[in-house]
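These are the residues of each chain, in order.
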Amino acid sequence: MHDLRALRADPDGFDADLKRRGEPAVAQAVLLLDHDRRAAETALQELQARRNQISREIGAMRRSGADTSALEAEVTGAKAHMEALQARVDDLDGQIRGTLERLPNRLDESVPAGADESGNVQVHQHGTPPEFAFAAREHFELGEALGLMDFETASRLSGARFVVLRGQLARMERALGQFMLDLHTGENGYEETAVPVLVNNEAMYGTDKLPKFADQSFRTEDGRWLIPTAEVPLTASVAGQILPVGVLPQRLVALSSCFRSEAGAAGRDTRGMLRQHQFQKVEMVSITTPEESDAEHERMTRCAEMVLEKLGIPYRRMLLCAGDTGFGAARTFDLEAWLPGQKAWREISSCSTTRDFQARRLNARYRAADGKPAFVHTLNGSGLAVGRTLIAVMENYQTADGSITVPDVLRPYMGGIEVIRSA
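Note that the structure is a prediction, hence the values are computed from the model and not measured. (Residues numbered from 1 in each chain as written. Predicted model: local features only at pLDDT ≥ 70, side-chain atom pairs only at ≥ 80, totals over all residues. Heavy atoms only, no water.)

**Observations concerning the pattern of salt bridges**
- According to the stated counting rule, one finds 29 salt bridges in the structure shown.
- As a salt-bridge pair, Arg 166 and Asp 150 come within 2.8 Å of each other at their nearest N and O atoms. With Arg 166 in the loop between β3 (164-165) and α7 (167-186) and Asp 150 in strand β2 (residues 149-150), this pair connects stretches of sequence that are 16 residues apart.
- Its relative accessible area of 36% is what places Arg 166 among the partly exposed residues.
- What makes Asp 150 buried here is its relative accessible area of 16%.
- Between Lys 209 and Asp 208 there is a salt bridge, and its shortest N-O distance comes to 3.4 Å.
- The class of Asp 208 is buried, set by a relative accessible area of 5%.
- One network of salt bridges, in which partners are shared, links Arg 8, Asp 34, Arg 37, Arg 38 and Asp 93. (Salt bridge = Lys/Arg side-chain N within 4 Å of Asp/Glu carboxyl O. Helix = DSSP H or I, 4+ residues; strand = E, 2+ residues; numbered from the N terminus. Buried < 20%, exposed > 50% of the residue type's maximum accessible area, 1.4 Å probe, protein only.)

Have a look at this one:
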């Protein structure tokens, strides 16, 4: 949600930010609604004051035995007029809110211009893509040949975009999640949190998933939502609160199942497990003050990079351009891992700052130094997507005979297994 006062103060700047995202100008339309609402509110307040005055006059007249019928008729008329004005205020307020809640966040000045991912800018690269003396295979070719990745059974059970992992690949997926949690809690200062995977409308709305992304999420018959990411319950956990500044930053991390309908992804990544309806992800969330949010964004991104560095996966950090930055984000760094089978860099983590965009929707605040409540800043990042990390490990650690070497840092979680071979 946007700060209406900021729009009033700089409508041209507000529209210029929308234009960077390819969105039409709305400031004047919103200001017109705001003008009408404030005029209706003023009229309502004036009428309320007049009604209070009449009530006092009626009381005095009754005590003196005077006729109050005319004033009583005026009160009756004022009541009906006030009800109409209140309905007008509520309608205009709903129109303003309905417009603002569908607008994306304002972009940070550092976000480059660009209409799509081709406009993203590389910040840095870590590691060199491996060179094999054989033709590198994609993860699904490796997994199926090992007998440990079963798409056919998953399709019979659930349909497309699901997978059944078996044996040592299933164990490696579990190992990756545990390794990430241990790293983020043990070295990066995050608090491990177990969260529900079903949430209500308020949690989804507050984290900017509704109404924009309703078609990309799964909803139960009782009106709850399967979470698209643990960002939703982690961030929404501070909704409606005024936090003491001394508890900030809050750094939370969770490993959870995530569910996405992948609406609009028809024909994209249909082979393998790169784009699934259900997947595991380790999610980091930070709640902090406005003064610290930029530094927290860099810190969070570095925490995600550490996972890839310890696993020995080549990656690059990308600053997303205006056209590729997500709806709720003011700025996003994507980490892209090298996949030798695809011969391509593919996203494995997104780390975003939403500034106070989510906090306004959640009414999440802290007690500032002046004693007044102010909106917190919220950040979220994948640390990492477990399934995509499994893919990256498989493809980067494949051998000529189709086996997978287990990275050193995962071996304690794998019971000492060094190589994954055919089942």
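From this point, the discussion proceeds with the structure in view.
**Quick word on the sheet that holds strand β1 (residues 121-126)**
- Ordered by their spatial adjacency, eight strands build an open sheet running β1-β10-β11-β12-β15-β9-β8-β4, and the pairing between neighbours is mixed. Bordering the open sheet on either side are β1 and β4 (191-192), each of which pairs with just one other strand.
- Running at roughly 165° to strand β8 (residues 250-259), α7 makes contact with β4, β8, β9 (278-288) and β15 (377-385) of the sheet. (Pairing = 2+ DSSP bridges. Contact = heavy atoms within 4.5 Å. Axes fitted to C-alpha atoms, helices over the stretch in contact; angles between N-to-C directions.)

**So, the UniProt feature "binding site: L-serine" (unreviewed entry) in the chain**
- On the UniProt side, "binding site: L-serine" (unreviewed entry) is annotated at positions that read Thr 229, Ala 230, Glu 231, Arg 260, Glu 283, Asn 380 and Ser 382 here.
- Structurally, Glu 231 is set in helix α9 (residues 231-236).
- Look past the residues within four positions of Glu 231 in its chain and what remains in contact with it is Thr 207, Lys 209, Ala 236, Glu 283, Val 285, Gln 358 and Asn 380. (UniProt positions renumbered as here; feature names shortened; annotations may be inferred.)

**Let's talk about α7**
- Its 20 residues place the ends of α7 28 Å apart at the C-alpha level, agreeing with the 28 Å of an ideal helix rising 1.5 Å per residue.
- Within α7, burial applies to Leu 169, Met 172, Ala 175, Leu 176, Gly 177, Phe 179, Met 180, Leu 181, Leu 183 and His 184. (Expected span 1.5 Å × (residues − 1).)

**Notes on the packing of aromatic side chains**
- One pass over the full model with this rule turns up five aromatic pairs.
- When the ring of Trp 338 is compared with that of Trp 345, the centres are 5.2 Å apart and the planes differ by 65°; the resulting orientation is edge-to-face.
- Accessibility expressed as a relative area gives 15% for Trp 338, which makes it buried.
- Here Trp 345 falls in the buried class, since its relative accessible area comes to 18%.
- Ring pairs connect the aromatic residues Phe 213, Phe 327 and Phe 357, which therefore count as one cluster.
- For Arg 317, the ring lying beneath its charged end belongs to Phe 333, and the centroid distance is 4.7 Å.
- Taking NZ or CZ as reference, Arg 361 lies 4.2 Å from the ring centre of Tyr 205, over its face. (Phe/Tyr/Trp six-rings, centres within 6.5 Å; stacked < 30°, edge-to-face > 60°. Lys NZ or Arg CZ within 6 Å of the ring centre and 35° of its normal.)

**Looking at helix α12 (residues 386-396)**
- Among the eleven residues of α12, eleven are classified as buried, and the element is accordingly described as predominantly covered.
- Where α12 is concerned, the buried positions are Val 386, Gly 387, Arg 388, Thr 389, Leu 390, Ile 391, Ala 392, Val 393, Met 394, Glu 395 and Asn 396.

**Re the UniProt feature "binding site: ATP" (unreviewed entry) in the chain**
- With numbering aligned to this structure, UniProt lists the feature "binding site: ATP" (unreviewed entry) at Arg 260, Ser 261, Glu 262, Glu 347, Ile 348, Ser 349 and Ser 350.
- Mapping Glu 262 onto the fold places it in the loop between β8 and β9.
- The exposure class assigned to Glu 262 is buried, which follows from its relative accessible area of 17%.
- The residues contacting Glu 262, other than those within four sequence positions of it, are Arg 161, Gln 216, Arg 275, Gln 276 and His 277.
- As for its placement among the helices and strands, Ile 348 is situated in strand β12 (residues 344-353).

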